[in-house]
Amino acid sequence: MLRQTGIRIADLVRHMALALAMVMSIGACAPNRVGNPGDDTATEAMPTLAPMLERVLPGVVSIAVSGQLSAEEMLLLRDPEFRRMFGLPKRVQPEERRFLVQGSGIVIDAVNGIIVTTHHLVDGAEDITITLADARQLSGRLVGSDAVSDIAVIQVEARDLVAVPLGDSDALRVGDYVVAIGNPFGLAQTATLGIVSGIGARNPAEPEGPFIQTDAAINPGNSGGALVNFRGELVGINDSLIGSALSNSGIGFAIPVSRAKQSVDHLLGHGPSRP
């Protein structure tokens, strides 16, 4: 009888120890608590990326680009069949001679006001307007642009900028979590979560690679925005997607930051010239 009682007590101790270990494990996995400070109900913890995003979001900007349409674009615009197809008036209107596009950019040097974005966003730009996370609007100067790498560098004059720290894109693995940040469809400061779907992927729409393939939503307006890891480090420049321009197909491409940095250094005059 005594032995059976001892066994039951031992089992009870083991169960209590296991329950305590599980509670401690759950607490260790949850980086942030929910609830108000001092609130006894804030004993449960929920994982969240909010603290990381609060550090990174100020370094991702909105870019508005305007300019004159090229001769080739105007030739297409004057095509009667093209205008009929899209329900345009028979004659080209004055406002149709100019373009206005929106995208994103990333502050990589807060002291010198250096912003990196994609070449295809600023191609043909006459006016560049940068909108910061705090709603400040600044005039941007195009320092340089490289069509081959699809990288462009813009400079602004402003104080209190926040730069996004650079990460190591060469260390990425398929399955790593990443967050795409940008301004899709004019919706400022949007973050989407996904994983790295492929390393060294080829983008059919771009002449040079390799790219980071991700299922984090990269929609129109996200181009030039940041792809960051869970530490808030920049690992890629959002570039393009495969599929409809109106919806995310789960196949997005980002320029690895290691390749983008080479182009940025070249455009800033810090690196060797392209062959």
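This one's a predicted model, so the numbers in the text were calculated from it and none came from an experiment. All chains use their own residue numbering, which begins from 1 and follows the written sequence. Per-residue local features are limited, in this predicted model, to residues with pLDDT of at least 70; the limit for side-chain atom pairs, both in listing and counting, is 80 or more; totals at the level of whole chains, interfaces and linings are taken over all residues. With hydrogens and water excluded, all non-hydrogen atoms of the structure serve as input to the side-chain values.

1. Comments concerning the side chain of Thr-192
Inference 1: Here a helix means four or more residues in a row that DSSP labels H or I, a strand means two or more in a row labelled E, and each is numbered from the N terminus. Topologically, Thr-192 is positioned in strand E9 (residues 190-201).
Inference 2: In this structure the side chain of Thr-192 is engaged in a polar contact, spanning 2.9 Å, whose partner is the backbone oxygen of Ala-217.
Inference 3: The contact criterion used is simple: two residues touch if any of their non-hydrogen atoms lie within 4.5 Å. Dropping the residues within four chain positions of it, Thr-192 is found in contact with Val-178, Val-179, Ala-180, Ala-216 and Ala-217. Here a polar contact is recorded for every N or O atom pair within 3.5 Å, except that within protein the pair must consist of a potential hydrogen donor and a potential acceptor, and residues adjacent in sequence are included only if both atoms are side-chain atoms.

2. Digging into the pairing of E9
Across a regular strand the side chains alternate sides, sitting on one face of the sheet and then on the other.
Inference 1: Only when DSSP finds a minimum of two bridges between them are two strands counted as paired. Bridge count for strand E8 (residues 177-182) against E9 is 6 bridges, and the pairing is antiparallel. The residue of E9 that forms the bridge with Tyr-177 is Ile-195.
Inference 2: As defined by bridge partners, E9 adjoins strand E10 (residues 211-214) across 4 bridges and the pair is classed as antiparallel. Considered in E10, the bridge of Ala-201 is made with Phe-211.

3. Notes on the sheet that holds E8
Inference 1: In spatial order, the strands read E8-E9-E10-E13-E12-E11; together these 6 strands close into a barrel with antiparallel pairing. Each adjacent strand pair in this sheet contributes to an overall mean axis angle of 45°, direction not counted.
Inference 2: In the sheet, strand E12 (residues 234-241) pairs with strand E13 (residues 252-256) via 5 bridges, with the strands oriented antiparallel. Note that in E13 the partner of Ile-237 across the bridge is Ile-255.
Inference 3: Contacts from helix H6 (residues 257-267) reach E10, E12 and E13, with the element oriented near 55° to E13. Interaxial angle, 0 to 180 degrees, is taken between N-to-C directions of lines fitted to C-alpha atoms, where a helix line uses only the stretch in contact.

4. A few points about H6
Inference 1: Among the residues of H6, those classed as buried are Val-257, Arg-259, Ala-260, Ser-263, Val-264 and Leu-267. All buried residues of H6 project into a common sector of 155° when viewed along the axis, lining one side.
Inference 2: Count one or two residues on from H6 and you reach Gly-269, which has phi positive near 80°. Here's how the labels work: a residue is buried when its accessible area is under 20% of the maximum for its type, exposed when over 50%, partly exposed in between, all with a 1.4 Å probe on protein chains only. By arc we mean the arc of the directions from the helix axis to the C-beta atoms, nothing more.

5. Quick word on the environment of Leu-49
Inference 1: Relative to the helices and strands, Leu-49 is located in the loop between helix H1 (2-29) and helix H2 (50-56).
Inference 2: A relative accessible area of 22% places Leu-49 in the partly exposed class.
Inference 3: When the C-alpha positions of Leu-49 and Val-179 are compared, they lie 9.5 Å apart, and in sequence the two are 130 residues distant.
Inference 4: Ignoring anything within four residues of it in the chain, the contact list for Leu-49 reads Val-179, Leu-193 and Phe-230.

6. Focus: the packing of aromatic side chains
Inference 1: Here a pair means two rings of Phe, Tyr or Trp (six-membered ring of Trp) with centres within 6.5 Å. Their orientation is stacked below 30 degrees between planes, edge-to-face above 60, and tilted elsewhere. Applying the stated criterion to the full structure yields 2 aromatic pairs.
Inference 2: With a centroid separation of 6.1 Å and an interplanar angle of 75°, the aromatic rings of Phe-211 and Phe-253 are classed as edge-to-face. Pair noted here: Phe-211 is in strand E10 and Phe-253 is in strand E13, with a separation of 42 residues, a long-range link.
Inference 3: For Phe-211, a relative accessible area of 2% translates into the label buried.
Inference 4: According to the relative accessible area criterion, Phe-253 is buried, its value standing at 2%.
Inference 5: Each ring is checked for a lysine NZ or an arginine CZ that lies within 6 Å of its centre and within 35 degrees of its normal; such an atom marks a charge sitting over the ring. Its guanidinium or amino end placed over the ring of Phe-211, Arg-259 lies 4.9 Å from that ring's centre, counting from NZ or CZ.

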